[in-house]
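Residues per chain are reported as follows:
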Amino acid sequence: MSHFEHDELDSFFAEMQDVKPIISDDKAQLHDPEAALAEKQKRASLQASIRDKLKNPLSMEGVKPVPPDDFIQFQQPGIQDGVFKKLRLGKYPLEVVISMAGKTLDESRNLLYQNVISGHEKGVRALLIKHGTGENSKPFPALKKSYVNHWLRELEEVIAFHTAQPMHGGFGATYVLLKKHPQQKLINREKNRKG
């Protein structure tokens, strides 16, 4: 540091020796804590509802009623007829069975979504959904069956489904075939190692 800079610094400190920090309790409140908390809760509630929709994208609108004694079926383009026939005849081992008995429509929706997603991640190929025929359900007969028919078409993991054979519940149940998980070889290796 040069002699000139040293003198400047000494001069500055000499001038500042009488300066005292301002101590004051009369600070201006720039925000209202109660309003900030209410805003934070509103944002959290909005995020929770968005998260719930992301957790389960299955829609509740646009469902076409299906008669209780009608077959429901779906086959993605490219699915071989032999594969679909095997599903239709109930020849795939049913690794997961989902029962919607006694469940509300919203509970059934969450149950279906969670089981399809987790089943796919575990390498499950075929599952059975027991939705019942719902002949006396309101606001229209076969309410859950109609929604199952609607929801399964919305899930990219589902490549085919068909009304079950009488031994598995007939018109009150549906076979579902899931696409192979990209990690299927690894999942099979893990299954075989445990078994």
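To start, this report covers the structure provided alongside it. (Residues numbered from 1 in each chain as written. Predicted model: local features only at pLDDT ≥ 70, side-chain atom pairs only at ≥ 80, totals over all residues. Heavy atoms only, no water.)

1. Let's talk about the pattern of salt bridges
Pairing between side chains becomes possible if they bear opposite charge and their charged atoms approach one another.
Here's step 1: As enumerated under the stated definition, the model contains one salt bridge in all.
Here's step 2: The residue Asp106 makes a salt bridge to Arg109 at a minimum N-O spacing of 3.3 Å. With Asp106 and Arg109 both in helix H4 (residues 105–121) and three residues apart, this pair spans about one turn of that helix. (Salt bridge = Lys/Arg side-chain N within 4 Å of Asp/Glu carboxyl O. Helix = DSSP H or I, 4+ residues; strand = E, 2+ residues; numbered from the N terminus.)

2. Looking at the nonpolar core
Here's step 1: In terms of nonpolar packing, the biggest core is built from 27 residues, with Leu112, Leu127, Ile129, Leu152, Val158 and Val176 touching the most fellow members.
Here's step 2: The contacts of Leu127, once residues within four sequence positions are left out, are Leu94, Val96, Ile98, Thr174, Tyr175, Val176 and Leu178.
Here's step 3: By size, the runner-up hydrophobic cluster in this structure holds 12 residues, among which are Ile159, Ala164, Ala173 and Tyr175. (Core = buried A, V, L, I, M, F, W, Y, C linked by side-chain atoms within 4.5 Å. Buried < 20%, exposed > 50% of the residue type's maximum accessible area, 1.4 Å probe, protein only. Contact = heavy atoms within 4.5 Å.)

3. Topic: the pairing of strand S2 (residues 96–99)
Here's step 1: Judged by which residues are buried, S2 turns out to be one-sided: Val96 and Ile98 face inward and are buried, whereas Val97 and Ser99, on the alternate face, are not.
Here's step 2: Note: S2 against strand S3 (residues 126–130), four bridges, orientation parallel. Across the sheet, Ser99 pairs through a bridge with Lys130, a residue of S3.
Here's step 3: Between the parallel elements S2 and S3, the chain passes through H4 in a crossover that is right-handed. (Pairing = 2+ DSSP bridges. Right-handed = clockwise from strand over helix to strand, strands pointing away.)

4. Things to note about the environment of Ile72
Here's step 1: By the element assignment, Ile72 lies in the loop between helix H2 (33–55) and strand S1 (73–75).
Here's step 2: For Ile72, a relative accessible area of 3% translates into the label buried.
Here's step 3: Not counting chain neighbours up to four residues away, the residues in contact with Ile72 comprise Val66, His131, Lys145, Asn149, Phe161, His162, Thr163 and Thr174.

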